[in-house]
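# Fold and contact review
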Amino acid sequence: MTNTQEFPPVVPLNVGGHHYTTTLSTLRKHDSMLAVMFSGRHQVLTDKDGCYFIDRDGTFFNHILNFLLSETLPPPHVGQQVYEEATFYGIEGLANQLLVYKDVAVAQRMQKWISKHPQVTSIAIKMMTYAVEKYNKSADFNCTETHVRTTLDRGYTAEFCVGAVVGSYPCEVPIPKEFFKSSWKDTHGCISTESPTDFSSPISVTDTDWIKGLLQHQFEKRGLSVTLTTKICHCSKESRSISQHFKLSSLNGTIFVYCGKVAVNASFSWTK
């Protein structure tokens, strides 16, 4: 036999220390986690004062209740926070309407890229770790800035150019196998050897603006003020004539293999 829990018509709530009062019918509106919690099929804990306890930060819970009561939407400046609460409580009607809020749309887009390139978060955390270690080890009592340098490897790319001028009608092609036997990739004067590097890492993001944006997003989430600059290695190696590679004597062109490594210099500010 299943035990059921009876709830009063007016329900006192303690949401992570924030106290609210609403009706049972309001909590049961919409197909949500709250409706399930207060359906009577589950036991809900109470605090010492008899308030039903929800183990969740209740700062923005008033906006949840306002929507359940009258479908009132929150003001834009708390849209992202309320979206997170609506998602947690499974109130799809509210969450879907908040997707068109500017802050929510920006956060959703950023999260999509973060999920697509998770190694950027790891790189950012490693850069922050180096920055904090340098700050703590600094002999300067008034240290206000630390610098971290990393080299990100986007992988080699190859393109052929038809005609005598480099860059004329470029088109990406597979990297010739003999390139990997060449010593050029280790001796071409890459930017990675210009200055001491704290660490190196492969990266799947190829656009440097996105690299900077994704890194900066991670820094800002943690309240850090960081100035980022990037420098791309534009070194290329002429591999062979295109006619040799494709066995097409009618084409006049050359295959070029590009390094493409990116040096990222980050200046962390520690001023208040």
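First, a word on what this report is: a plain description of the structure on this page. (Residues numbered from 1 in each chain as written. Predicted model: local features only at pLDDT ≥ 70, side-chain atom pairs only at ≥ 80, totals over all residues. Heavy atoms only, no water.)

When helices and strands are counted, the protein chain shows 10 helices and 11 strands. When each of the 272 residues of the protein chain is scored for burial, the buried share is 38%. The contacts of the protein chain with a sequence gap of at least 6 include a subset with a gap of at least 24, amounting to 68%. In the form shown here, the protein chain has an accessible surface area of approximately 15,800 Å², with 53% of it arising from carbon and sulfur atoms. (Helix = DSSP H or I, 4+ residues; strand = E, 2+ residues; numbered from the N terminus. Buried < 20%, exposed > 50% of the residue type's maximum accessible area, 1.4 Å probe, protein only. Contact = heavy atoms within 4.5 Å. Areas by Shrake-Rupley, 256 points an atom, 1.4 Å probe, with all protein chains shown as cover.)

Another point: the pattern of salt bridges. With the rule as written, the count across this model stands at 4 salt bridges. For D49, the salt bridge identified is with K48, shortest N-O distance 3.5 Å. The same class applies to D49 and to K48, which are both exposed. Here K134 ties to D198 by a salt bridge, and the two come within 3.0 Å at their closest N and O atoms. Of the two residues, K134 sits in helix α7 (residues 119-137) while D198 sits in the loop between α8 (184-187) and β7 (199-202), which places them 64 residues apart along the sequence. Overall, D198 belongs to the partly exposed group, its relative accessible area being 23%. (Salt bridge = Lys/Arg side-chain N within 4 Å of Asp/Glu carboxyl O.)

To continue, consider the environment of M128. Within the element layout of this structure, M128 appears in helix α7. Owing to a relative accessible area of 8%, M128 belongs among the buried residues under this scheme. The spatial distance from the C-alpha of M128 to the C-alpha of L224 is 8.9 Å, given a sequence separation of 96 residues. Apart from the residues within four sequence positions on either side, M128 is in contact with Q218, F219, R222, L224 and F268.

What follows covers α7. For α7, spanning 19 residues, the distance from its first C-alpha to its last is 27 Å, which sits close to the expected 27 Å at 1.5 Å a residue. Inspection of α7 places V120, I123, A124, M127, M128 and A131 among the buried residues, and these make up the whole buried set. For α7, the angular spread of buried residues about the axis comes to 135°, placing them on one side. Exposed residues pointing more than 90 degrees away from the buried face of α7 are listed as N136 and K137. Contacts from the buried residues of α7 go to β4 (145-153), β7, α9 (208-221), β8 (225-232) and β11 (262-269). (Expected span 1.5 Å × (residues − 1). Arc of directions from axis to C-beta.)

Among the secondary structure elements, Q216 is positioned in helix α9. Leaving out residues up to four positions away in the same chain, Q216 has contacts with V226 and L228.

Turning next to the sheet that holds β11. Strand pairing within a sheet occurs via backbone hydrogen bonds; the two strands may be parallel or antiparallel. An order of β7-β4-β11-β8 is seen for the 4 strands of this open sheet, with the pairing classed as mixed. The open sheet has two edge strands with one neighbour each: β7 and β8. In this sheet, adjacent strand axes meet at a mean angle of 25° when their direction is disregarded. Summarising the sheet, β4 and β11 pair through 8 bridges and their orientation is antiparallel. If you follow V148 over to β11, its bridge partner there is A266. This element, α9, spans β4, β8 and β11 of the sheet and lies at about 160° to β8. (Pairing = 2+ DSSP bridges. Axes fitted to C-alpha atoms, helices over the stretch in contact; angles between N-to-C directions.)

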